[in-house]
Amino acid sequence: MHPAALASTPGLPPQPQVNISHANSRVSAVLPTGESVEVLLFGATVISWKDRAGNEKLWLSDAAKLDGSKAVRGGIPLVFPVFGTAPDHAATSKLPQHGFARNSKWEFLGKSSSESASSTSHSDASVKLDFGLSSATLDEKTKGLWPYTFSAIYSVTLTPEGLSTGIVITNDGKEPFDCQVLLHTYLRINDITKVKITGLEDSKYIDKVVGAQTKSQSGAVTITGETDRVYTPAKGPSSPVVVTEGGSNAFSIMRDNLKDVVVWNPWAEKAAGMGDFEPKSGFKNMICVEAGSVRSWTSLETGDAFEGAQTLSY
Ligand SMILES: O=P(O)(O)OC[C@H]1O[C@H](O)[C@H](O)[C@@H](O)[C@@H]1O
C-alpha cells in the first residue's frame, strides 16, 4: 500500500482508504460506507464509481484503452480546451478532438478527507482527490499546438451521497486565452429505451446529428437513435438534469457554473464504427450527459480563473 493510504486508527471512526496502484498510474478511494471511485492519471479520467453495494454507476467500454495510448472510451473524460474541433478558431484549430486534457498525464496532488461532526451511528466520511495539469508538464508536441501558460486543478470528491468533479483553470501567462470545458460523463443504465432525461424542457439545442440545426426541446428527452445535442438549459445551471429509467430516478446531475449540457448516444451504427466501443450492444447501457461550457468561449485574461463543477447522485 502506498504511503498516501489512510489506515484506520483504533478508537477513531473508520476513514476512507486511498490507494495508488497499477505502477502509480491509478488512484482509488473507498469510503467506510463502501462507495468507491477510481481515477486514471492519464486524462485524470474517472474510470469507475460504485455505490455501497458495489454497483458500477459509470459505463466503461470493454475495449477502452487504459494504457495512455488513446483517450478513454467511458467513465468521465475531461474535455479542455476545445469541445470537438474548432477549425475556425485559430488558437485551438490545431488541437485534436476534445483538446489535450483527456490525453495528458495528470499529477496526483493528494487527498483530503472529512467527516461530519454530527455523524453518530454510521460514518459519513468523504474524500477529495486532487489532480493537476499545467503547461509546464505538457509534452512538447502539445505545447507546440497550444502555447499558452495555464494550470488546472481537477478535484474528484466521493461522498456517500454522490460524486462531484470540479475543475479550476487559471491563466498563469502573459497572453489571454479562450477555452471550453466539458465533463464527458458516461452514465451506466440498463435499457436506453426506458430512459428519459428531464430538466432540458423548453431549451434550445444544437442538433449535431442533423447539420448543427438549432431546435427547441419540448418535454423530456428520449433516445430512439443516434443522439448528439448541445443544450443550454432554459432553467439555468442551478436546476438539476435528471435521468430516469422506467419511471425511477437513476441519476441527478447538478451543475455549478457549467451552463451547457451535451446529450450523446452513438446508437448501433456509430458504436459499430468505433474500434474502442465494446460490446457493440453497449450503446443500450450508456447515456452521456455532459456538463460543460462549450457553446461559446470562456476568455481568461492573465491571472483569471474559470471554475466549473458537477455533482452526480442517484
Ligand atoms: O469519440 P470522442 O472523440 O470521444 O467523442 C465522442 C462524442 O463526444 C461528444 O459527446 C460529442 O458531442 C460527439 O460529437 C462525439 O462523438
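Residues numbered from 1 in each chain as written. Predicted model: local features only at pLDDT ≥ 70, side-chain atom pairs only at ≥ 80, totals over all residues. Heavy atoms only, no water.

A. How the structure looks around unusual backbone geometry. In this chain, Phe-80 is followed by Pro-81 through a cis amide linkage whose omega measures 0°. With respect to the element layout, Pro-81 can be found in the loop between β5 (78–79) and β6 (107–114). A cis amide bond links Glu-278 to the next residue, Pro-279, at an omega of -10°. Positive phi, normally seen in glycine, also occurs at His-98, with a value near 70°. Tracing the sequence through the fold places His-98 in the loop between β5 and β6. A positive phi is found at Ala-212, a non-glycine position, where the angle reads about 55°. Checked against the element boundaries, Ala-212 lands in the loop between β13 (204–207) and β14 (213–216). (Helix = DSSP H or I, 4+ residues; strand = E, 2+ residues; numbered from the N terminus.)

B. Spotlight on the sheet that holds strand β9 (residues 162–171). Read across the sheet, nine strands follow the order β6-β7-β8-β9-β21-β18-β17-β12-β15 without closing on themselves; strand pairing throughout is antiparallel. The open sheet has two edge strands with one neighbour each: β6 and β15 (221–222). Of the pairings in the sheet, the one linking β6 to strand β7 (residues 126–134) comprises seven bridges and is antiparallel in character. In the sheet register, Glu-107 faces β7, and the bridge partner there is Gly-132. (Pairing = 2+ DSSP bridges.)

C. Seen up close, the side chain of Asn-265. Among the structural elements, Asn-265 can be located in strand β19 (residues 260–265). Within the structure, the side chain of Asn-265 is placed 2.8 Å from the backbone nitrogen of Trp-267, a separation counted as a polar contact. In terms of polar contacts, Asn-265 uses its side chain to reach the backbone carbonyl oxygen of Met-286, at 2.9 Å. (Polar contact = N/O pair within 3.5 Å; in protein donor to acceptor, adjacent residues only side chain to side chain.)

D. Here's a closer look at the UniProt feature "active site" (unreviewed entry) in the protein. Per the UniProt record, "active site" (unreviewed entry) is found at His-184 and Glu-290. The greatest C-alpha distance among the residues just named is 4.7 Å, despite their covering 107 residues of sequence, which places them together in space. Restricting the annotated residues just mentioned to those that line the largest pocket leaves His-184 and Glu-290. Relative to the elements of secondary structure, His-184 occurs in the loop between β10 (177–183) and β11 (186–188). Setting aside anything within four residues of it in sequence, one finds His-184 in contact with Gly-75, Ile-76, Pro-77, Val-79, His-98, Trp-264, Cys-288 and Glu-290. Among the residues examined, Glu-290 registers a relative accessible area of 1% and is labelled buried. Ignoring sequence-local partners within four residues, the contact set of Glu-290 consists of Phe-83, Leu-182, Leu-183, His-184, Thr-185, Asp-260, Val-261, Val-262 and Trp-264. (UniProt positions renumbered as here; feature names shortened; annotations may be inferred. 1 Å grid on protein atoms, 1.4 Å probe; cavity = no way out; pocket = protein on both sides within 12 Å on 5 of 7 lines; lining within 4 Å. Contact = heavy atoms within 4.5 Å. Buried < 20%, exposed > 50% of the residue type's maximum accessible area, 1.4 Å probe, protein only.)

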